[in-house]
Structure formats: structure tokens, C-alpha cells
Amino acid sequence: MSAVLFFIAAAGVIAGAVGVVVLRNPFYSVLALVCHLVSLAVLFLLLRAEFVAAVQVVVYAGAVMVLYVFVVAYVGGEGDSIGERLHGPGRVASGLRLGGAILGGAVLVELLIALLGTGLKAVEGYGAGYAPGPKTYGTPAYIGQLLLTRFLLAFELASFLLLIAAVGGVVLARRRGGLEEADETGALTPLDLLRPRGTGTTAEGVGGRT
Amino acid sequence: MTIAWYLAVSAIVFALGAVGVMTRRNPLVVLLCLELMLNGGNLALVAFARMWGNGDGQILAIVVMTVAACEVCIGLGMIVAIYRRQLPIDVDELRELQG
Amino acid sequence: MWTSCGSCKDEAGARVSTTTWGWLVLAFPLAGTLTTAFGFRRMGGRDSTLAGWIGTGAILLAFVCALGTLFSLQGHAPEHRQLVSSLWNYASTVGINAQLSILVDPLSVYMILLVSGVSTLIHLYSISYMEKDAGFVRYFSYLNFFVFSMLLLVLAGNFLLLIVGWAFVGAASYLLISFWYRRTTATTAGIKAFVINVVGDVGLVLGTYFIFKHTGTLDFLGSFHAVENPAHPAFGAGTNNGDLVAGCILLLVGAFAKSAQIPLHTWLPDAMEGPTPVSSLIHAATMVTAGVYLIARMHPLFERAPAAQDVGAVIGAATLFIAGTIGLAQTDIKRVIAYSTMSQIGYMIMGVSVGAYAAGLFHLMTHAFFKALLFMAAGSLIGAMAGEQSLDKMGGFRKALPFTCACFLVGGLALSGVPPFSGFFSKDEILLITGELGGWHWGLYVVGYIGALLTAIYTFRMIFRAFWGSPVPEARELEGGHVHHADVPRNPATGEEEDTDVGFPGPTHAIAERALPMRVAMSLLALGAVGAGLIQIPKVDFVVDDFLRPSFATAKNYEPATKTGLLVIGLTLGTILGLAGIALAYRVWVARPGAAARVRARVPALYTLFVNKWYFDEAIDLLIVRPMAAAGRFARYTFERVFVDEALIGGTTSIVRAGSAAVRAAQSGFVRYYAALLVVGVAGVGFYFLLQT
């Protein structure tokens, strides 16, 4: 039973991943990722990580992906087909596209060898024993206890990180009023987001573009 | 299924994410592929946690998810700001940081 | 044998020992130069003469101390008149004992008296001559430094200090020749003088090495004893030992460079670019006599290397003749006197090379007097001409410059060897001793007298052209009571315009008739030129011979033999030639105007040869300067450009540049490349670890 569920969920995971990479329209890629995340949650459930699965669905698929959906709807951006991406001309040498795929394949092979071919005995097993209960492995109470005792520092740092990210997001999305909006002549560079013009970046010095 | 299977899936997902990062031109999709790689890592963590029988892997998976959320927030904020400046949304066009 | 008395107690029991007087002689000019140099800002600049008086005072004190040394030295018995005093031990290692020591003996006392005496008078003269020059203080500092160096040279007690003094004198000469440093002609001349002097320095140092190799000591007295030691002579019992001859000839190279003998003489006429008192002091009375002093000092070595002595005598005679002929054709008044100096030093070199040490040094003294006098008078004349130096533009100054004319006449008569002036006695004694040697030295004898004739001719040519004849406009102006002043100061050689700021001569030109210090100095020198001969009249008194004898105890031809016949012939011949030369000059340049041009037309080839200074400059240019320049060009454009610039430096930089270009290519700005690099890195590391297992 669990094997069947595993294969279905694994198929969903891999299909979603492939979809993210291959699909031309970015919106479709987002949807593929959502599918991937939900399948991954099922895999987590199979691994007795109930809380993590719930967090995955609620936070990742529920909040982060919603954010993505909004941004993709707003920004959009062109997609490009995989054929064009792999063989077509472009700014970057086309070798990179094919080369990228090959590199990815190489990484995959290595990881598989590392994870599966190294003779780790425990990997061949089904994991440690499991006894169901209110505070056993995988339950929210279990995770909560761990978070607040052994991993307190990680917990606090993670919350700090979230704060920083929130502040950063507000700063980045801010509309700047005044002169900056007024003279939109010429090409602005991403560096302008972080540093005003004329502070002497290398690009300024070399190319003379201020 | 033995833990090995889960690890295999995790490796495949990670590699697919890496290929996507190297291959796609739309920065939004690049970020999505980055998420893929993170998720691959998450799966491996949870699988190993099941193997050992303690919850360390799961905690780390939660923290990774937190970090992913922060990163998405910042990354999407940058892309929105780039879009607002009317710059092309294409990683090949955005290359000011060149030597 | 005269013993050297290293630390003799003063037998006269005086309060100050002889060698202390010697150190004081060195100390005062050094103090003078340091005071004027470091107190430069307090000397009042170009309007004050304080620096001049300080300089003159310092040298006067040195002269007084030289007198003190003289009297103190005479207080010792003749065998003990070679005193060495050492102030500091530089290095006492195996084989070398180098000390800061002076040797006070009759020869050095003779030289210091001469140098300090004449220098005092020239400093006095300079106070008026260099008035209002922007470099007044610098001038006196340099001049004092020069006198210090020259005194150091003659007082040196070992080869080390001799070489130091030699080099310092060369440096001082350079500084003073290019004193008016904004004149390109002056700086070029200074460089030429210095480079030729360096050739001489190399000869001197190498010669010292050859001698040191056998004697094992740098000390003069030690070396001389090693050479003369009857038990173990340093260079073997015979004469003309190869190393000794080589060493002596190298010393001669040094002497020739410093004393402007053929072929290292080309710097002396150019050195006339310096101010006239500098020419008077350095290039007449003192520095150019350093070569003569060197040969005289090293006489124990030369006596054992007759081959070197012969070389010296021949070169001296050649110089004497060649310089005399060139002097006949020069038109710049200072250059005529410069060639005259060269010629007279040829006499001195010839004299000390054949062994006539006292005669040669006596001629050195008398020459110092009358040559310094001639230069000073020339300076006065040039002042009246407002800086113009060409004889073509001078004439008829007899009425306007009576005192200067008188000085010229006194100096000229002394130079021509007319009795009873001093030049007569000194020159003839040299030639007498040369003649007495017989054999091939008769050739030198004849050349010497031809030279005497030439001397008289060119000297009085100069005097008659400048002072006789119809007065030129400057002379008329001066007769009217007003010294000529040029509207725009110009370089006398090239005619370029100048100004009177620092680096060029000052706005005023002094003449002797109006400046008391100049008159005082010139009068004293004139007295010397007239009367100095009286101390060494043949057969009557032998002041110089007797005084110098302790230094030349082992010399062979020190005094003339008592052959009266040759003496009478020599004296008569000398007088006749001198007067004949004057008469000839009078006939050509005064009595029959235009005769000079006719003579020139009759011997055009000879005239061209003399005017072009026997083409020595051109020869040196062709043989030495051009090959060196070509070698330099080769080194620069072929070797340095190709190997060093392009291969070594260019290669290194292009490797670095290529490397950095390669690295820079990685900074493409494409995010995907960076991601790919990351993945490559991960794959690589993973591969490595997989291999490990």
C-alpha cells in the first residue's frame, strides 16, 4: 500500500519538477511547482513527518506560492521554449544550455552514487522503529518540544531572519518619490537600487555609464 | 519503500533544479528552480531523520522552509523593482556586475 | 738614509707641534666652506660681501698656519723633517692599514705655502670681481672647498687620502667651471672636465693598486722604504720592473689628466667658461700642478722605473710644443692664457720626469705667480669689455687701463723668460738639467727652447693686440671715465642672451683700476713674479734646492752639475729667444698692421692646424665619444629595448595581463555562468570524494 502511494507521489514530485524546468510560460511553471509541493507533502507524510508536511502545504504551497502567483501575474516575463533554450542563439553561448543539462546529469549521477552506492547499510532499511502516540516522532508536540529546547537558537535566528526579510521586502517594493521618479532618462541599472548614481562603481569607471 | 528510494527522488529533484537554474532565462523561473533544489534537500533531510529516528532533520527542514520563504520575498521584491524600472526581465540582459 | 719620524717629539720644544700646524692648515678652509655653506641665509645674498671676507679670512689663516708649519719644520734637524701624523684609523685588517694621516715634509710645506698664499690673493681679488653676482656666497663656499681639497691632496700621507683629495679637487673644479650653470657652454665644459678627470682618477687608483701589490702598504713613507730597501727591495733589485712601470705609467695617466697634458688636455681650454678668478686659481696655479706634485712625491718609484720617467718627459715636451703652437692662433684671451698654462706645465712635467725636482717645483712656484697675475689682469680687461673675451674686439687699452697693462707686461715678461723676472731662472734650470743628461734628452732641450720662443711670441701677441693699436669704443668710453656696460648681457662664446639672475654672471663688471682688493692682490703677485727668481739664481743662492732637499734625499739628478759652459749657453739662449719673440710679436702686430694676415695666408695649412687645436677634440670625438655613444645606443635600443623592455618586462606584464584577462573572462556578469560554475564545483568536489572511497 505504502509502495503504491510512494510511486504515485514520487511521480507527482518528478513530474512537477520537470514541469517547472521545461514549461515555457512562467505561470505554468508556478502551477507545476505547486503540484510538486503537494506531492512532496505526501512523501513527507509517508516518512512520518506529519508536521513538516502540514507546514509544507500551508506555508510553502499556501503562502509562498501565492506570492509567486501574484508576482508572475504582475511581472510575467517571456518564456522561451526548451528547444530554443537548448540550441538557439542568444546572449549566452548556446553551449551553456546543453552544457547545463549535461552538468545537471553529472550532478545527478554523482549524488546517486554518493547516496546509494556507498554501502550505507541504514539506507537499505525502512528507518528506525515507530510507535504511534500523542508525542511521538513527527507530531507537532514532538517538533515543538525540540524547537524550544534543543534548537532554540535556530528557532530564534530563523525568526530574526524573517524579520529582516520582511523589512527588506518593504524597502525593495517601496515607491521612491521625488527626483528619482522624475528623470527616468537612459538605462538605469540594478545597482541603482542599492546605491545611487555616481558613487564610482567599476562599471561606471570602465564604461562611463553613470 | 526503503529510505534509498526517497533519497533517489531527492537527488533527481535537486539535479532538475540545478539544470533549471542554469538553463532558464526568466528570473522568476530561476527562482522557482532554486525552490526545487531546496525542496530536494528538504526531502533528503526528512528521509534521513526517519532513518535515524530523531527529529533533527525535520527541524532543519522547517528552518530551510523559513529561509526559502525569506529568500523568495526578497527575490520577488527585487524582480518587482526591476520591472518597475522598465528593465528587461531576463538574466542575460541584467549583467552590470561584469569585469 | 733619512728616517721617517713617525712620532718625533718636537726638538725645538715648541708649544704647537709641526703636524698640528699641518692639521690647522686643513681645518681653516674646511671651516670656511662649512660656514658659508650652512650660514648661506645669513650672508646677505648678492649685495653683501661678508661671505667673501669670511672665505678670504679662512684662507689667510691657513696661510699663517702654513708659515707656522714652515718655521716649526725648520726647527727639526734635516734628517727628521718628514713627519707623519695620523688622526684616525680607518681600517686595520690583514694587509691594509688605512689611516687618516698627513705627511708634513718640505715638499708638502712648499706646496701648502704656495697654494694658501696664492689662494688668499685670489679670494681677495674675487671679492671685487664677483660683486653683485647672485651666486656670491656659493662661489666662496666652493672656492674654500677647493682650497681645502688641494691642501688635503698635498698634505696626504698615504695613497688613500691622496685619492680622496684628488677626487675632491676634481669635484670642486667641476662645481666652479659650471658655476654659471644656466649657461649651457659652462655646464658642458664642466662635464667634459669631470669626465676626463675621472679617466685620470681611474689611472691613479689602478696605479696605486699596482704599487700596493708589491709594497703592501698604502703609506707613502712605508712604500718608499719598501722600494728602496737594500735588503728586500719591493720591486726587485733592478729597474723597470713590469709592475712598477705599469703602476708608474698609470699614475702618469692620472697626472696628465689633472695637469692637462696631451692627450687628456682637451678640458682645460673649455674650463675657461668658469669665472676668471677660478681659472686663475684652479687652472693656473694649483689644481693643474697636482700632476707635477704627484710625480715629485712619487720620485722613489719613478727613479726605479726610468721607462715611465721617459714617457713623462716626452709627453711633457710634446705638450709644451703643441700648446705653444695652438696659443699662436687662438683669439679668446682666456684660452691663450690657458694654452700657455698647458705649455708651462709641460715644462714642469718634463722637469720632474727627468729628475729635476727642485727646478720643476721652482718653476711651479714662479708660474703660479705670473700666471695667476695674467689671469687676474685678463679678468680686469674682460671687465672693461663688459664680458667680451675675444681679442678681435680688443685694442688700444693702454691709456684706459694703465695698471692692468702694467700687470700684463710684468706677467708677460716673466712668462717669456726675460731676466731678471722669475720665469727666466726657473725655466732655464729645468732645461739645464735636461741638457746635462745628454743622449736623446738633447731633443727635449731643443724643443724646450723652441717652446720658449713660441711662448714669448704668443704672450706678446696677446698683449700687443689688446693694449696697443687704436683704442676700440670700449677703451674710448673708459678713457672718458665710464666703464662700458652691455645693453643686454650675452654669453661671450655663443652670443646668446642672458640675464643677471642666479646662474648667470652679475650685472657689474669690475676693473682693477677701480677696485682696491683687485689692485692689492695683483700687486702682490706682481712682486712675486718679479722677485721670486731671486731666491734661486744659479750659482748664487739655492733656497729652493736646500729647502726641498730632505724630501728628495734619494733623487739622482736633483741638482745641476757644476757645468758652467752649458749654464751660460742656456741662460744666453733663453734671454735671446725671449727678447726675439717679443721683437717678432711687436713687428707683426704693432709695427706692421696686416702682417699677421699675410703670414697666415702664407701657411694656411699650419694655421688651420693650430686654430683647430691640432684636431685633438675631433680625434677624441671620433675615437672615443662616438663609439661610446654608439655602444650606448646599441645598449638602449637593441639590448635594453628588446631584451629587457620587451622580453623581460613586457613578457612579465603580458603574462600577468593575459592571466588577468583569462580570469576576467569569468566575470561575465551572466548569472547563469556563475550558477554553472557553482555546479561544476560541486560536481568536482563530489567526484573527488567519490574517488576517495
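Residues numbered from 1 in each chain as written. Chains lettered and ligands numbered in written order. Predicted model: local features only at pLDDT ≥ 70, side-chain atom pairs only at ≥ 80, totals over all residues.

### What to know about the overall build of chain A
Part 1 of the reasoning: A tally of regular secondary structure across chain A gives 10 helices and 0 strands.
Part 2 of the reasoning: The order of helices and strands in chain A, counted from the N terminus, is α-α-α-α-α-α-α-α-α-α.
Part 3 of the reasoning: Taking all 210 residues of chain A together, 28% fall into the buried category.
Part 4 of the reasoning: The contacts of chain A with a sequence gap of at least 6 include a subset with a gap of at least 24, amounting to 47%. (Helix = DSSP H or I, 4+ residues; strand = E, 2+ residues; numbered from the N terminus. Buried ≥ 20, exposed ≤ 12 C-beta atoms within 10 Å, placed from the backbone. Contact = placed C-beta atoms within 7 Å.)

### Overview of the overall build of chain B
Part 1 of the reasoning: Counting its secondary structure elements, chain B contains 3 helices and 0 strands.
Part 2 of the reasoning: Shown N-terminal to C-terminal, the secondary structure of chain B runs as helices and strands in the order α-α-α.
Part 3 of the reasoning: Taken against the 2.2 N^0.38 rule, which gives 13 Å for 99 residues, the C-alpha radius of gyration of chain B at 17 Å runs more than 25% over that of a compact globule.
Part 4 of the reasoning: Based on the C-alpha atoms only, the size of chain B along its principal axes is roughly 50 × 25 × 25 Å.
Part 5 of the reasoning: The buried share of chain B, taken over its 99 residues, is 63%.
Part 6 of the reasoning: Of the contacts made within chain B by residues no fewer than 6 positions apart, 46% connect residues no fewer than 24 positions apart. (Rg over C-alpha atoms; globule rule 2.2 N^0.38 Å.)

### A word on the interface of chain A and chain B
Part 1 of the reasoning: Counting residues at the interface gives 81 residues for chain A and 66 residues for chain B.
Part 2 of the reasoning: Per-element tally for the side of chain A that touches chain B: the top contributor is helix α5 (residues 94-116) of chain A, with 12 residues.
Part 3 of the reasoning: Split into classes, the residues belonging to the side of chain A that touches chain B amount to 60 nonpolar, 14 polar and 7 charged. (Nonpolar A, V, L, I, M, F, W, Y, C, P; charged D, E, K, R; others polar.)

### What to know about helix α5 (residues 159-177) of chain C
Part 1 of the reasoning: Along its 19 residues, α5(C) runs 27 Å from first to last C-alpha, staying within 8% of the 27 Å computed at 1.5 Å per residue.
Part 2 of the reasoning: Extensive coverage of α5(C) is indicated by the burial of 14 of its 19 residues. (Expected span 1.5 Å × (residues − 1).)

### Details of the environment of Ala510(C)
Residues and elements named next belong to chain C.
Part 1 of the reasoning: Tracing the chain through its elements places Ala510 in the loop between α19 (473-479) and α20 (516-531).
Part 2 of the reasoning: A sequence separation of 131 residues divides Ala510 from Gly379, and the C-alpha atoms of the two residues are 8.3 Å apart.
Part 3 of the reasoning: What Ala510 contacts, discounting residues up to four positions off in sequence, is Ser128, Tyr129, Glu131, Gly383, Ala515 and Met518.

### Quick look at the interface of chain B and chain C
Part 1 of the reasoning: Residue-level contacts link 10 residues of chain B with 10 residues of chain C.
Part 2 of the reasoning: Within the side of chain B that touches chain C, the residues separate by chemical class into 5 nonpolar, 2 polar and 3 charged.

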